[in-house]
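Observations on chain architecture
Take a look at the letters that make up each chain.
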Amino acid sequence: MRVYYLFKINDSFSKLYYNKTYYLYKMLEEISKSSKNDFIISYRLFEQMATAYDKTKINSMIYKKFMDDENYNKILNKHILDDGVEKTKLTVYNTYIKIKTNQNISAFFKILSNEENVFVCDFNNKDYFWLNKVV
């Protein structure tokens, strides 16, 4: 099972780290591992790096794409796709999108590739990439 976190990186960080993905990944990994004592510092760094998602827009975009698919279900900010081969749950948060899937490449990636500067991290498998380079 893969767990992907999709972050919308702001333009300046995107330009700076587009070809230095390892460093961007390590910063996000450190932020995700930070303790409560370092929360304020980590949050401020994250605010400089990333921008918020428009949850309404993202939810609507995904729903419109899959609404006629009988293997798709939506509950609030959660989108579930289970077609017998792919079992994926996507949750939209303000600052990131979380995708839990049994596939290396989720069907949701193609829809989300329309968003600019999306950086994908799988912290468990130490995998990371720009979404537009994969889709």
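Coordinates for the structure precede this section.
So, here is what we can say about the structure in this document. (Residues numbered from 1 in each chain as written. Predicted model: local features only at pLDDT ≥ 70, side-chain atom pairs only at ≥ 80, totals over all residues. Heavy atoms only, no water.)

1. Some thoughts on the packing of aromatic side chains
Counting across every chain of the model gives 21 aromatic pairs. With centroids separated by 6.1 Å and ring planes inclined at 70 degrees, the aromatic side chains of tyrosine 4 and phenylalanine 129 adopt a geometry described as edge-to-face. Here tyrosine 4 is found in strand E1 (residues 2–9), whereas its partner phenylalanine 129 is found in strand E8 (residues 127–130), with 125 residues between them in sequence. Taking the relative accessible area as the measure of exposure, phenylalanine 129 reaches 12% and is therefore buried. Between the aromatic rings of tyrosine 18 and tryptophan 130, the centroid separation amounts to 5.3 Å while the plane-to-plane angle is 25 degrees, which identifies the pairing as stacked. A residue pair is termed long-range when its members are at least 10 positions apart, and tyrosine 18 in the loop between helix H1 (11–17) and helix H2 (21–33) and tryptophan 130 in strand E8 qualify at 112 residues. (Phe/Tyr/Trp six-rings, centres within 6.5 Å; stacked < 30°, edge-to-face > 60°. Helix = DSSP H or I, 4+ residues; strand = E, 2+ residues; numbered from the N terminus. Buried < 20%, exposed > 50% of the residue type's maximum accessible area, 1.4 Å probe, protein only.)

2. A few points about the nonpolar core
Core analysis: the biggest nonpolar cluster contains 21 residues, and Leu6, Ile62, Ile97, Ile99, Phe108 and Leu112 have the highest contact counts within it. Elements represented by at least two residues in this core include exactly E1, helix H4 (55–66), strand E5 (87–92), strand E6 (97–101), helix H5 (107–112) and strand E7 (118–122). Leave out the neighbours within four places in its chain, and leucine 112 touches Leu6, Ile58, Met61, Ile62, Leu90, Ile97, Ile99, Val118 and Leu131. (Core = buried A, V, L, I, M, F, W, Y, C linked by side-chain atoms within 4.5 Å. Contact = heavy atoms within 4.5 Å.)

3. Regarding unusual backbone geometry
Of note, the phi angle at asparagine 117 is positive, near 60 degrees, even though the residue is not glycine. By secondary structure assignment, the location of asparagine 117 is in the loop between H5 and E7. Although it is not a glycine, lysine 126 sits at a positive phi angle of roughly 50 degrees. Locating lysine 126 in the fold gives a position in the loop between E7 and E8. Take lysine 126: its relative accessible area is 52%, and that puts it in the exposed class.

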